[in-house]
Amino acid sequence: MDQGHLAACIIKLAKLQDASQQQRDSRFQLLQQLWQLLQPKLQQCRSRELANPIWAVCKLKPQCLASNVTTGDRTWHSVVLQQLVDRFIQQLSSDKPQHISMVLHSTAAVGYQLSKEQVQQLLVHLLQNPNNAAPQAFSNGLWAAAKMQHKLEPELLQQLVHTFVAKLQAAKHVETQAVVNVLWAVATMGRYVTAVPQLVDVVLKQLQTRELKPQDVSNTLWAMATMGQRLPDHQLQQLLCGLLAVLDKATPQHIANSLWAVRSAGQQIEESQLQQLLSAFVGMKGTATPQNIANTLRG
């Protein structure tokens, strides 16, 4: 089989559903065999034939770790990912935006750490091909950088967020979570960009036509408070009403983070809204963490 067929087999393997421990073990053994065949062909792989196996190996991380197979003091999983990612970055000139987005998001999601230089190199390449990139590609890239605890250079961050906003304006459909993830990423990096108010406007516009997930509301409030930004009272009310509308789907963390954010911004919640949030939180106290309780009390 050539590298294209091998990459396709690895993808299919990652999509299979396990029913027993024996099946999980068998799947990992087959993954090892496919990797032994693909590894000598890495130099011939195109970006898709590298990005897809990276996604698959990330998805199969639990099976890889459960196998206890190691190379020196490193897990088989991390050794394989390093080789795939290194080769992917070596041939960046041919990488499509969706493949860069896939590599960044999938590695960050399983806790695999790329260096700041590698992340910025991938993001710069994303900026060089903006016409072929969807808004989600920029959102995934920024989220991944923040998840890996990298503080991007201010100029690069500004460019990425402004390009993301421009993409949103031209998009037919906007995923609210993609917008909120950008706000979260900027706040997590300890930065602020001039496009933040535009991102909040997009979230509020989405709120006018559909219910938002509790996480989207609480993360928006948390991000603004973390950036030291005070929302106009009418925007704060819109977000709190949006949270109350989906309170039955909220977790203690959503409520605690929202209350903490409002308090940190030096703003007030209407008494009736506060009572609803606190009553809901008390009803969930069996699942609340000490941090949730502390944030709620501070709120």
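Anyway, here's the lowdown on the structure attached to this text. All values reported here derive from a predicted model rather than from experimental measurement.

Take empty space enclosed by the protein next. Taken as a whole and judged by the stated rule, the model has one cavity of 30 Å³ or more. As a volume, the largest cavity reaches approximately 50 Å³. Lining of the largest cavity is provided by Leu221, Met224, Ala225, Gln229, Leu231, Leu236, Ala261, Val262, Ala265 and Gln267. Top contributing element to the lining of the largest cavity by residue count: helix H12 (residues 214-226), with three residues. Of the residues assigned to the lining of the largest cavity, the class counts are eight nonpolar, two polar and no charged.

With that settled, consider the nonpolar core. Grouped together as the largest cluster of nonpolar side chains are 100 residues, with contacts concentrated most on Leu152, Val161, Leu199 and Ile255. Ranked by the residues each element gives to this core, the list is headed by helix H10 (residues 176-188), at nine residues. Residues in contact with leucine 152, not counting those within four places in the same chain, are Val119, Gln120, Leu123, Leu142, Ala145, Leu157, Leu160, Met189 and Arg191.

On to the state of the cysteines, then. This structure, assessed with the given rule, holds zero disulfides. In this structure cysteine 9 is not part of a disulfide, and its nearest cysteine sulfur, from cysteine 45, lies 13 Å away. For cysteine 9, a relative accessible area of 29% translates into the label partly exposed.

Before going further, it helps to spend a moment on the packing of aromatic side chains. Under the definition given, this model contains one aromatic pair. For the ring pair phenylalanine 28 and tryptophan 76, a centre distance of 5.2 Å and an interplane angle of 80° mean the geometry is edge-to-face. Of this pair, phenylalanine 28 sits in helix H2 (residues 21-38) while tryptophan 76 sits in helix H5 (residues 76-90), and the two are 48 residues apart along the sequence. Note on accessibility: phenylalanine 28 and tryptophan 76 belong to one class, buried.

Rules used throughout
- Residues numbered from 1 in each chain as written.
- Predicted model: local features only at pLDDT ≥ 70, side-chain atom pairs only at ≥ 80, totals over all residues.
- Heavy atoms only, no water.
- 1 Å grid on protein atoms, 1.4 Å probe; cavity = no way out; pocket = protein on both sides within 12 Å on 5 of 7 lines; lining within 4 Å.
- Points joined across faces, edges and corners; volume = space filled by probe spheres on them.
- Helix = DSSP H or I, 4+ residues; strand = E, 2+ residues; numbered from the N terminus.
- Nonpolar A, V, L, I, M, F, W, Y, C, P; charged D, E, K, R; others polar.
- Core = buried A, V, L, I, M, F, W, Y, C linked by side-chain atoms within 4.5 Å.
- Buried < 20%, exposed > 50% of the residue type's maximum accessible area, 1.4 Å probe, protein only.
- Contact = heavy atoms within 4.5 Å.
- Disulfide = S-S within 2.5 Å.
- Phe/Tyr/Trp six-rings, centres within 6.5 Å; stacked < 30°, edge-to-face > 60°.

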